[in-house]
Amino acid sequence: MLPHPDRILDKRVDCNQLGLDNCKINNCSDERMVAPRQRTPVPPDWNHSVGVWMDDDGPVPAVNVTWKIKSDGSVKTLRGTAINIQDESTNQSICVQFSYKLNSNQQQNPNYGLWTFSLDGVMVELGHTYRVSVFNLPEPETLRYRTPNSITIPGCSDTKIQRARVCLENGSLWDPPLTTTVTLDEGLKKFFLVVGFEAAEYAERYLVSILSHGFHCSKNISKENRTRLNVTFEFDVWQLSQCEVVSVIQPFFIGCKNDCRRHEEKINFCQYYLPRTLIIKATVGLLVICGFLAYSLWRVSQKDTVNASSSAAKQQSDPPQVHERRRVLIIYSLDHPLYKHIVLKLCAFLSTKCGTDVVLDLLDSTRLGVLGGIQWLDWHREQIESSSDKILILCSQGVQAKWRAMCGGKQLLLREDSRSTAGDMLSPALSLMIPHLIRSASFEKYIVAYFDDVCSEEDVPSPFNITVRYKLMKQFEELFFRILDTEKHEPGRMNHIKGLSEDEYCHCPSGRALRDAIEAFRAYQLEHPQWFEDELLETSELKVQETSPEICDDATATMKVIAQCVANSTQTTQESNPVVFNHHIAESNQPA
């Protein structure tokens, strides 16, 4: 369907061209402007293009028409140009008339080029065919010189149209790389499969399935303001007749609903699979061992009732498993490509190993591009402050330098900031969050940490001295307890989460990748002691945002008032997928 002429999206007025007088644009009148053939101008040279234009409701498919006036003697008879576009499916049409008059001395524009005009942003429908006519006025008395061209608008598979909203709502650009993590519990003979993928803007719900011969398992998952989704499947080894399965993700977009294009990926379990005979032997052996253990336990229970009661009491005192997922917004500085790699690996570790939903500008580029940096940060801050989620501030040399620049120091911009499409996200984040941190009686939402292998405590800005600073990865377990608001130290015992300590976190794939990223940046720093100065760009022509003196003054004045309150705050945490606590009896009443 064609729009009313008043809704043509072109906001440019070609009539304002330099050297062009008495020009106006309006709708075509019902009266034809005709003349004998010898008193009419020659037809213009014209072409068209199909693309996407921005409407009030977002990007829409549109047709652009451009034409040039031939520089010959016939321009003295030229009175204007008319453009007619008709939808062959509905017979609806629009007609726009450009009225102007040139004399023989104006055959070319002031730049000695042909006079060129355009009608842009004519809204069209996908798959429709349009007849387009462009003719100079007055027309010849006979219309045989007006030859329309047919234009067929392509569908969403065409790259020129894919960014239109009607295509985005059908998933035209959604082609996320699937990530799969397979874990085999040899003791339980169970597979744990984690399927991860990026969520789309116009799809709130997804159906994730794994398929094999005689085996099918599906789970529904909602986006819930997350940019990345992870789905965990658990099944027994014997349930798979073959060691290859297919992971299928079915999105439910606004446009295509239940008929959207699905994404599939094959997953190979063969490296974990034992021959069937070995499985049978292992199962028989396990049954024999279990029977022997059951008999031994029965004998012990008959001989020592006191020990059995004590053991039961201890089991009852164990805290329940925690299944609630937490979300963490990570604020950091783009100091160096290797440091950015560390941040991304930390996000992967939090997501896969700890079961935490991570909010990071690098992983939410679509929403950030729509909202803008300040609005994106403020929206996430409000969401987190009204929930039990946390904001993790990773301090580094760039964080300290940018904070000093915001408080009146030397202005700076890092090379990675200039390469990022979002630019420097740290300075606006500090401007938004530090007033909330230092003016609020409750600052448990904010967690401050730094990687002590590549950073130091000197990289922590002064406003953060009011709270605990965690060293990563040495104190990651304590930080994770803080994220989950769970007590690490309890009277007479200390909780522990297996796999999160400094010596254990690198035993899983995501932890090894994080450790390797930290060691790579550490080696680079040793080889290049002046690495940070090398990352600085010249700022003589750059305008860096300054923090108001009120923020800097409040940071200094408030630190002394609430520092003693922060010193008494407890470090808490919980695990996920699920989290299981181990307890160690403390030697004193004070936590280690």
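Below, the structure is looked at part by part. (Residues numbered from 1 in each chain as written. Predicted model: local features only at pLDDT ≥ 70, side-chain atom pairs only at ≥ 80, totals over all residues. Heavy atoms only, no water.)

**Details of the overall build of the protein**
1) Next: A count of helices and strands for the protein gives 13 helices and 25 strands.
2) Next: Within the span of the protein, comprising 592 residues, buried residues form 43% of the whole.
3) Next: Here the protein has roughly 31100 Å² of accessible surface; of this, 50% comes from carbon and sulfur atoms. (Helix = DSSP H or I, 4+ residues; strand = E, 2+ residues; numbered from the N terminus. Buried < 20%, exposed > 50% of the residue type's maximum accessible area, 1.4 Å probe, protein only. Areas by Shrake-Rupley, 256 points an atom, 1.4 Å probe, with all protein chains shown as cover.)

**Some words on the state of the cysteines**
1) Next: Taken as a whole, this structure holds 3 disulfides when the rule is applied.
2) Next: Covalent S-S linkage joins Cys 28 and Cys 95, the inter-sulfur distance amounting to 2.0 Å. The disulfide joining Cys 28 to Cys 95 has a torsion of about -70° about its S-S bond and is therefore left-handed. Taken together, the positions of Cys 28 in the loop between β1 (24–27) and β2 (34–35) and Cys 95 in strand β6 (residues 93–99) put the pair 67 residues apart, joining distant regions of the chain.
3) Next: A disulfide bridge connects Cys 256 with Cys 260, and the sulfur atoms are separated by 1.8 Å. (Disulfide = S-S within 2.5 Å.)

**Focus: the sheet that holds strand β11 (residues 179–185)**
1) Next: Strand order in the open sheet formed by 3 strands is β11-β12-β15, and the pairing between neighbours is antiparallel. Each edge of the sheet is formed by a strand with only one pairing partner; in this case those strands are β11 and β15 (228–236). Shown here is a sheet whose adjacent strand axes are inclined to one another by a mean of 15°, direction ignored.
2) Next: As defined by bridge partners, strand β12 (residues 190–198) adjoins β15 across 9 bridges and the pair is classed as antiparallel. Following the sheet pairing, Val 195 is matched in β15 by Val 231. (Pairing = 2+ DSSP bridges. Axes fitted to C-alpha atoms, helices over the stretch in contact; angles between N-to-C directions.)

**Remarks on helix α6 (residues 373–385)**
1) Next: The end-to-end C-alpha distance of α6 is 18 Å, a good match for the 18 Å that 13 residues give at a rise of 1.5 Å each.
2) Next: Every buried residue belonging to α6 is among Trp 376, Leu 377, His 380, Arg 381 and Ile 384, and all of these are buried. The buried residues of α6 occupy one face: seen down the axis, they fall within an arc of 125°. (Expected span 1.5 Å × (residues − 1). Arc of directions from axis to C-beta.)

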